[in-house]
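An overview of the molecular structure
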Amino acid sequence: QLTAPDVPPLDPPLVTELLRARVDQVPGGIALEIPGGRTREPFALGYAELWSRSGLVAEELRARLQELGSSPAGEPVVALLMGRTSPGLLVCQTACLRLGVPYLAIDPKLPDDHARYLLEDAGAVLCLTDLVRAERASELCGERRTWVHDWREPLEAGTNFDDAAVAPERLAYLIYTSGTTGRPKGVEVEQASLANLIAEDLEYFDLGPGDRVAQGSSPSYDSSLEEVWMALSAGATVVVMDSEVTRSGPDLVKWLASERITVLCPPPTLLRTTGCRDVAGELPELRLVYVGGEALPEDLAGTWGGGSRGEPGPRLVNGYGPTECTVTCLRSEVRVPGDVRIGRPVRGSAAWVLGPEGEDLPAGEAGELWVSGASLTRGYRGMPELTAERFPVHPVHGRCYRTGDLVCSMPDEELVYLGRIDSQVQLRGHRIELGAVDVRLAELDGVAAAASTVHRRGGRDQLVAFLVAESTGEEPDLDDLRARLVAILPEPMV
């Protein structure tokens with residue numbers, strides 16, 4: 001059963017073209033704001049300055065790639081080792097998109113072993129970093145392949161960078177997801193897929209220059225792309241959270257109020273930790289809450305979705321999308337607290353509820369969710385067999401992605417999420433394949449086998465592992481095992 005809107009697909013401009021339009025309209029508007037912290041002065045970057053600085057970086061990046069024997073035409077991957085509170089991160093991401101060079105954002109909090117694997121698997125030819133992380137980048141990539149960018153240098157009067165047309169089918173970025181064999185998989189996302197999503201965001205959410213969009217996702221997660229570009233495409237301001245704020249619910253409410261945030265895109269777990277019961281009273285300027293990453297509980301929908309029901313409070317939208325489908329491929333307005341759905345596909349995409357043999361199922365019958373259309377990515381980097389398996393060509397619906405999620409279609413053609421049909425789970429807003437955790441645990445000394453699951457304790461989900469010791473009667477040191485696991489697996493796996 002097709003659950004796509006009865007509207008033609010978009011033929012959207014690339015996100016950098018949307019940005020350029022906003023630069024022309026609101027050159028003095030604030031594109032990026034990084035509030036002050038304990039060791040950091042507040043910072044603001046205007047639209048015109050963002051465009052000028054990203055042009056300078058793009059111009060120099062092209063020259064550096066040529067020195068390394070690479071050409072933008074070959075889609076060489078550039079790694080960006082910068083934190084969310086580094087002003088250079090957005091400048092460099094924008095530069096890569098303007099040049100048509102795919103980038104890989106690496107969260108500096110990742111362990112060295114994990115970061116090194118991503119760099120090698122992606123085949124990154126250059127690592128662009130800032131002064132704070134220059135030494136670490138050189139250790140990971142080598143001095144020749146490390147470019148330390150100092151965004152604080154005085155801005156030149158102009159740039160010679162010419163924004164030649166970037167083909168929509170060119171890679172925009174690489175994003176890594178958990179792997180069933182214990183190693184993450186690189187997903188290749190094209191410019192056109194990102195453009196399709198952001199163009200629909202622009203229409204669906206109706207944001208504008210007065211909006212202030214909180215940016216709380218790690219640069220290593222694709223949710224950060226939608227936070228940033230849904231704001232920039234509308235001439236709004238991206239307001240970056242501190243990492244401490246993103247992990248502390250009660251502090252988050254104070255921060256949202258003090259920073260006058262109008263748009264928040266959190267996982268539901270973060271909303272629960274706030275303990276907020278009077279959203280309209282405590283956050284009067286918050287007008288949109290766009291949740292995703294995990295199932296939205298009904299009680300949270302009732303607390304945070306007043307605006308969607310015509311009551312005081314923000315509008316509440318529930319988004320759904322695996323990494324393989326460019327951040328978000330379905331969404332739904334949450335108008336009834338007891339009826340939370342993942343909704344309908346974004347424009348240009350389609351969703352299908354299929355049985356074990358790939359047959360279409362009628363409304364009300366549970367089956368696997370397959371997605372097709374503009375949301376689809378190229379697939380997994382360097383893994384053609386897995387790409388063919390997970391992105392099969394359906395005889396009727398064409399190329400699709402098999403999500404592994406169990407859903408059913410309601411009479412109004414909105415989809416309801418029912419759970420997983422495999423071992424992948426969602427925890428604290430992130431998808432985790434339990435097999436990846438099991439494999440890495442079993443590699444540690446003292447462990448013969450491992451099996452992990454999600455266990456609910458004290459109202460919160462936790463990842464719990466059951467172990468078989470190598471030596472009979474000798475229990476492994478659990479604190480030591482956890483410390484070693486932290487060094488090789490990113491949050492929130494540990």
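Look above for the structure.
Below you will find a few notes about this structure.

Calculation rules
Residues numbered from 1 in each chain as written. Predicted model: local features only at pLDDT ≥ 70, side-chain atom pairs only at ≥ 80, totals over all residues. Heavy atoms only, no water. Helix = DSSP H or I, 4+ residues; strand = E, 2+ residues; numbered from the N terminus. Contact = heavy atoms within 4.5 Å. Polar contact = N/O pair within 3.5 Å; in protein donor to acceptor, adjacent residues only side chain to side chain. Expected span 1.5 Å × (residues − 1). Buried < 20%, exposed > 50% of the residue type's maximum accessible area, 1.4 Å probe, protein only. Phe/Tyr/Trp six-rings, centres within 6.5 Å; stacked < 30°, edge-to-face > 60°. Lys NZ or Arg CZ within 6 Å of the ring centre and 35° of its normal. Axes fitted to C-alpha atoms, helices over the stretch in contact; angles between N-to-C directions. Parallel < 35°, antiparallel > 145°, perpendicular 65-115°, else oblique. Nonpolar A, V, L, I, M, F, W, Y, C, P; charged D, E, K, R; others polar. Pairing = 2+ DSSP bridges.

Of note, Glu75 is situated in the loop between helix H2 (47-67) and strand E3 (78-81). Distance from Glu75 to Gly100, taken between C-alpha atoms, is 7.5 Å for residues 25 residues apart in sequence. Not counting the four nearest positions on each side in its chain, Glu75 is found in contact with Pro102, Glu169, Arg170, Leu171 and Arg378. In terms of polar contacts, Glu75 uses its side chain to reach the backbone amide nitrogen of Leu171, at 2.9 Å. In terms of polar contacts, Glu75 uses its side chain to reach the side chain of Arg378, at 3.0 Å.

It is worth spelling out helix H3 (residues 87-99) at this point. Taking 1.5 Å per residue, 13 residues should reach 18 Å; H3 reaches 19 Å between its end C-alpha atoms and fits that length. Along H3, 13 of the 13 residues are buried, which leaves the element largely enclosed by surrounding structure. One or two steps after H3, the chain reaches Gly100, where phi turns positive at roughly 80 degrees.

Before going further, it helps to spend a moment on the packing of aromatic side chains. For the coordinates displayed, the defined rule picks out five aromatic pairs. Summarising the aromatic geometry, the rings of Tyr204 and Phe205 are spaced 5.1 Å apart at their centres and angled 80 degrees between planes, so their arrangement reads as edge-to-face. Taking the relative accessible area as the measure of exposure, Tyr204 reaches 25% and is therefore partly exposed. An aromatic cluster of three or more residues is present, and its members are Tyr204, Phe205 and Tyr290. Looking at Arg183, its charged tip hangs above the ring of Tyr117, at a distance of 4.7 Å from the centre.

Let us look at the packing of helix H1 (residues 15-25) against helix H6 (residues 191-205). The geometry of H1 relative to H6 is characterised by a closest axis approach of 9 Å and an angle of 40 degrees between their N-to-C directions. Considering their axes alone, H1 and H6 lie oblique with respect to each other. Counting all contacts with H1, which are made through Val15, Leu18 and Arg22, the residues of H6 involved are Leu194, Ala195, Ile198 and Leu202. Broken down by class, the residue content of the contact of H1 with H6 amounts to six nonpolar, no polar and one charged.

Position of Glu153 among the secondary structure elements: in the loop between strand E6 (146-148) and strand E7 (171-177). Residue classification places Glu153 among the partly exposed positions, given a relative accessible area of 49%. In this structure, the C-alpha to C-alpha distance between Glu153 and Arg53, residues 100 residues apart in sequence, is 9.9 Å.

What follows deals with the sheet that holds E3. Here seven strands make up an open sheet; going across it, the order is E6-E5-E3-E4-E7-E8-E18 and the pairing mixed. Edge strands, defined here as strands with exactly one partner in the open sheet, are E6 and strand E18 (379-380). Examined bridge by bridge, E7 and strand E8 (residues 185-190) share six bridges and lie antiparallel to one another. Bridge pairing in E8 places Leu171 opposite Glu190. Each of E3, strand E5 (126-129) and E6 touches helix H5 (residues 134-141); the most contacted strand, E6, lies at about 170 degrees to it. Strand contacts of H6: E7 and E8, with the helix running at about 70 degrees to E8, the strand carrying the most contacts.

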